[in-house]
Amino acid sequence: MDTAGARLGVCFGGPSPEHDVSVLTGLQAARELSRVGRQPVALYWSRTGEWYQVEPNLEASDFLEGVPRGAAPLRLLASPEGGFVPEAGRFRQARPLGLDVVLVCCHGGPGEDGSLQGALDLAGLTYTGPDPAGAALGMDKLAFAGLCAAAGLPVLPRRALGADGDELADLAGPLILKPRFGGSSIGIEVVADRATAQARLAANPHLRRGAVVEPYRAELFDLNVAVRRYPRLEVSAIERPLKQQAGGEILGYQDKYVGGEGMASAPRELPAQVAPALAEALQDAAREVAELVGVRGVARVDFLSDGEDFWVNEVNTIPGSLARYLWVDPPLAFGQLLDDLVAEALARPTGRFSAVGADGSVLRSASAIAAKLA
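Nothing here was measured: the structure is a model prediction, and the numbers come from that model.

**Q** Is there a simple way to explain the packing of aromatic side chains in this structure?
**A** Here a ring pair, both rings aromatic, is described through the centre-centre distance and the interplanar angle of the planes. Here the structure, examined in full by the defined rule, presents six aromatic pairs. Residues Phe12 and Phe63 carry aromatic rings whose centres are separated by 5.9 Å and whose planes lie at 75° to one another, so their mutual orientation is edge-to-face. With a gap of 51 residues between them, Phe12 in strand β1 (residues 8-13) and Phe63 in the loop between β3 (51-54) and β4 (72-77) connect regions that are remote in the sequence. Phe63 shares its class with Phe12; the two are buried. With a centroid separation of 4.9 Å and 70° between ring planes, the pair formed by Trp51 and Phe84 is classed as edge-to-face. Taken together, the residues Trp51 in strand β3 and Phe84 in strand β5 (residues 83-86) connect sequence positions 33 residues apart. Among the residues examined, Phe84 registers a relative accessible area of 2% and is labelled buried.

Take a look at the structure:
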């Protein structure tokens, strides 16, 4: 599909612990679109939830103090003929920006859990990445693990952690404690036993919406595969992320993102040196996960492995740097990846609402509301 004439918006940031990483991803995408001759509209979502139009060629340092200089306030109107609307001036009527596609570069929180996607649907905007249902599923670590287990994919025993911890009676420590709803590695801890896990519920702010627990196995390491379903189902090379500090129990937020360019500059072994049989099994599993969750855009499927066997860990439906660095075999240029995301958004828009069937027959046959309450 020819996307050359499409007017593109790039949205990034948001009220999320991964706000800063999202800024990096959005700036990378906007810079690449500009490099190939597009004129993207940069849509910055502040830490406090306000929207602004900013220059697409800004640097990360421009966001250190919050909203950058020269930012123009916007409103996101979730209504027919809505969208991103500049603040009206004294002699100027407010009109939507007229975007054909919004490239979503928001990680974690409401940018990746379906909230933003639902608002964009209500506003009638076409966008890249998961739809609300796919985003919500990818963000829910318990639901995602249950879906994979039901499909026969290998997963470690993952349980929701309740107030009494009885559901963990058959899990011996040490344990990994994770936010049920959250991306990246933020808020994840290794704890000695279920009593410690319960004690951390009140102390760790990232666990307030829910927590999951699974066995901690020190011998396991991370292996990641990017996947997309447009223009065809494809998987990337396999990555083995590396820890920046020796001796860490898990691959943490610092390992992944603190390096200048988000995930694109994190240390890694790429392609990962794994046995051919394991590589084939991982890529097959990534394809199956993509179909199970209805991947739209580009996603990254994260696995744990001991070098022989593997377990599905999670899916990142809007991965850091849009997983551009993983497409090395065969190589895929960042500009082409972005163009394919836009083409998919135009060819496969998310659901549009319909009132078909609401013909008034139920209302005509209804008795008085007061009678129904009696």
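**Q** What's the story with the environment of Gly5 in this structure? I'm lost.
**A** Examined against the element boundaries, Gly5 turns out to sit in the segment before β1. Taking C-alpha positions, Gly5 is 9.2 Å from Asp100, a pair spaced 95 residues apart along the chain.

**Q** Can you walk me through helix α4 (residues 132-139) in this structure?
**A** Residue pairs three or four apart in sequence face the same way in an α-helix, which turns once every 3.6 residues. Buried within α4 we find Gly134, Ala135, Gly138 and Met139. Around the axis of α4, the buried residues are gathered within 130° of arc, so they sit on the same side. Looking at the buried side of α4, the elements it contacts are α2 (109-112), α3 (115-122), α5 (141-150), α8 (276-293) and β15 (310-316).

**Q** How should empty space enclosed by the protein be read in this particular structure?
**A** Take a probe with the size of a water molecule and roll it over the atoms, and the empty space left behind shows itself. In this structure the tally under the stated criterion is four cavities of 30 Å³ or more. By volume, the second largest cavity amounts to about 50 Å³. Lining the second largest cavity are Val104, Thr128, Gly129, Gly297, Val298, Thr317, Ile318, Leu322 and Leu341. In terms of residue class, the lining of the second largest cavity is built from five nonpolar, four polar and no charged.

Calculation rules
Residues numbered from 1 in each chain as written. Predicted model: local features only at pLDDT ≥ 70, side-chain atom pairs only at ≥ 80, totals over all residues. Heavy atoms only, no water. Phe/Tyr/Trp six-rings, centres within 6.5 Å; stacked < 30°, edge-to-face > 60°. Helix = DSSP H or I, 4+ residues; strand = E, 2+ residues; numbered from the N terminus. Buried < 20%, exposed > 50% of the residue type's maximum accessible area, 1.4 Å probe, protein only. Arc of directions from axis to C-beta. Contact = heavy atoms within 4.5 Å. 1 Å grid on protein atoms, 1.4 Å probe; cavity = no way out; pocket = protein on both sides within 12 Å on 5 of 7 lines; lining within 4 Å. Points joined across faces, edges and corners; volume = space filled by probe spheres on them. Nonpolar A, V, L, I, M, F, W, Y, C, P; charged D, E, K, R; others polar.

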